[in-house]
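# Structural description and commentary
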Amino acid sequence: MAEFITAQQAAKLIPDGATVGLAGMGLSGWPEEIACAIRDSFRETGHPCNLNLKQGSAMGDWGYGNNFIGWDRNKREDGPDKAHGNRGVTRFGEAGPGLVTKWTSAHIGSAFSLCAMALKNELESYCLPQGVIINLWREIGARRPGLLTKVGLGTFVDPRVEGGRMNACAKDELVKVVEFDGEEYLFYPAFKPDVALLRGTIADENGNISFAHESVINEGFAVANAVKNHGGIVIVQVEYLAKKETLNPKDIKIPCNLVDYVVQARDPMSCWQAEGDYWEPAFSGQIRKPLSSLEPLPMDERKVILRRCAMELKKGNIINLGVGMPAEMARIINEEGMTNDVIMSTESGMIGGVPSALPSFGSAYNPEAIITPHDMFDMIGGGGLDVTVLGIGEADQYGNNNVSRMGSRLTGPGGFIDITAATKKVIFAGTLVGKAKLKTGDGRMTVVEEGVFPKFVEKVGQITFSGQYSPDTQEVFFITERAVFKLIDHKMTLIEIAPGIDLQKDILDQISFTPVIAGDLKTMDPAIFEEHWGRLADYMNESLPK
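Since this is a predicted model, take the numbers as computed values, not measurements.

The four strands lie next to each other as β13-β10-β11-β14, forming an open sheet whose pairing is mixed. On the outer flanks of this sheet lie β13 (240-242) and β14 (252-254), each paired with one strand and no other. As defined by bridge partners, strand β11 (residues 209-210) adjoins β14 across two bridges and the pair is classed as antiparallel. Of the residues in β14, the one forming a bridge with Ser-210 is Ile-252.

Membership of the largest hydrophobic core comes to 81 residues, with the highest contact counts inside it found for Val-89, Phe-92, Trp-103 and Leu-197. Residues contacting Leu-197, with those up to four places away along its chain left out, are Ile-14, Val-20, Gly-21, Leu-22, Ala-23, Pro-31, Ile-34, Ile-38, Phe-92 and Ile-235. Counting 75 residues, the second-largest nonpolar core is a separate cluster that includes Met-299, Ile-427, Val-433 and Met-492.

A word on the packing of helix α5 (residues 130-141) against helix α6 (residues 220-228). At a closest axis distance of 8 Å, the pairing of α5 and α6 adopts a crossing angle of 35 degrees. The crossing of α5 and α6 is left-handed. Of the residues in α6, those in contact with Trp-137, Arg-138, Ile-140 and Gly-141 of α5 are Ala-222, Val-223, Asn-225 and Ala-226. Grouping the amino acids of the contact of α5 with α6 by side-chain chemistry returns five nonpolar, two polar and one charged.

Applying the stated rule across the entire model yields 32 salt bridges. In this structure, Asp-194 and Lys-192 form a salt bridge, with 3.0 Å as the shortest nitrogen-oxygen distance. With relative accessibility at 48%, the residue Lys-192 sits in the partly exposed group. Each of Glu-32, Arg-39, Asp-40, Arg-43, Arg-91 and Glu-94 takes part in a single network of salt bridges with overlapping partners.

Relative to the elements of secondary structure, Asp-267 occurs in the loop between β15 (261-264) and α7 (281-284). Residue Asp-267 is classed as partly exposed on the basis of its relative accessible area of 39%. Between the C-alpha atoms of Asp-267 and Glu-239, which are 28 residues apart in sequence, the distance is 8.4 Å. Side-chain polar atoms of Asp-267 contact the backbone nitrogen of Met-269, separated by 3.0 Å.

Analysis parameters
- Residues numbered from 1 in each chain as written.
- Predicted model: local features only at pLDDT ≥ 70, side-chain atom pairs only at ≥ 80, totals over all residues.
- Heavy atoms only, no water.
- Pairing = 2+ DSSP bridges.
- Helix = DSSP H or I, 4+ residues; strand = E, 2+ residues; numbered from the N terminus.
- Core = buried A, V, L, I, M, F, W, Y, C linked by side-chain atoms within 4.5 Å.
- Buried < 20%, exposed > 50% of the residue type's maximum accessible area, 1.4 Å probe, protein only.
- Contact = heavy atoms within 4.5 Å.
- Axes fitted to C-alpha atoms, helices over the stretch in contact; angles between N-to-C directions.
- Left-handed = near helix turned anticlockwise from the far one by under 90°.
- Nonpolar A, V, L, I, M, F, W, Y, C, P; charged D, E, K, R; others polar.
- Salt bridge = Lys/Arg side-chain N within 4 Å of Asp/Glu carboxyl O.
- Polar contact = N/O pair within 3.5 Å; in protein donor to acceptor, adjacent residues only side chain to side chain.

Here's what the structure looks like:
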């Protein structure tokens, strides 16, 4: 039976040098009140210290959650630089160097204070694929030696490239290249965890944990099981308490035998469901929201890009939409009335409905099913996706794409590496040049003022997707507002150009390599540059073979 304690008491239970496991996405699953108590304890006493953090997904609010009313997607590119959020894992960095000395995650971009420390080499920083980290918890809990997979080969995670190290002081070997049955694999060894810091919605008097208002059924069970089976302690923050034996057994996501301590939050605002929503019942299944209430995207170059991406879909496709611009394609599909003709999903475990973009990425309006991220990554890894739409950080002549580390900006891959390793059609979406001023309308695209951040470069700074490791059976597109490229024979090939765009001045002069130009270079459909489109059904009318 779990013991009920305060957040301050919980902070005192964590030993110096502990390996600490976290579970969740965004602010779902994040124990904000406990984290603040740990930060304050370190400031006051110097303990706990030298923690080794292990997390799968991004856990923070990108600076929008604390002022989510009136949140403007068009200001997003300035967010990580100008609107730092102070919730989430970044709390541990607020105490300064010494509280955390090692940090492994799939996505670190929203933990601004820790990223700043990583850039100064004040802590060791590592990034591994999200599905690998999440599924590694199951291997650890079952006391298996680690995880064997092809995910990560040829990317910066490959030890022959960078081994997942994100800064100069990171020296540990977290991944190995091995040969099994005549084939090359990556092996991610297990480790010994000491503490689990988790969050649910409700705890009963025995310590059984329900995720009733959580939008994500995160990997909390696997983390708790791994910690308990290695003699560690499991601490769970909740918002509500319930009488024992009153919760539906099927609603229990972490059973009491895996829970040592429960902290009921004193401030309910430390229990946000998602970054931009304290509680949206359409995310967690309590209601189904009229999808007509979701506002369409404004007409701009982003909408053009997403419309062109949507043209690659077929009825019956199972689709993954990544964070950032790609997640907004759900609004395009909804606006075109085609939500019931495809199945949209996110790596967090959402299947069906309309996935949310930032500031509540990972959640979905009216999902048909919410499964664990373990099950989702098993489905993804086995080839269960038809199409994924992900972002472009920077791309090069070899078809490599970097979204994980660009200059002094540390982000990590999230599920990018896992998803692109096995999906049949991979679409990378983004503008050709960052910060360009563009005008769309009258069936054409016009560059009003050229941008200042080239995205198509001679060589990417880090390989998050390896064009050379892409299998011949995989279709890979890079779709921008001005041009569409396709990876053909592992070479970047220009296959379409936007109406109104000059091939030399607006495309070739803005990229740092010479692409192959298709002999039948086509013009992008002028209709997607108009205010009203209404033609997605025409492109999706060919059903998948049964």
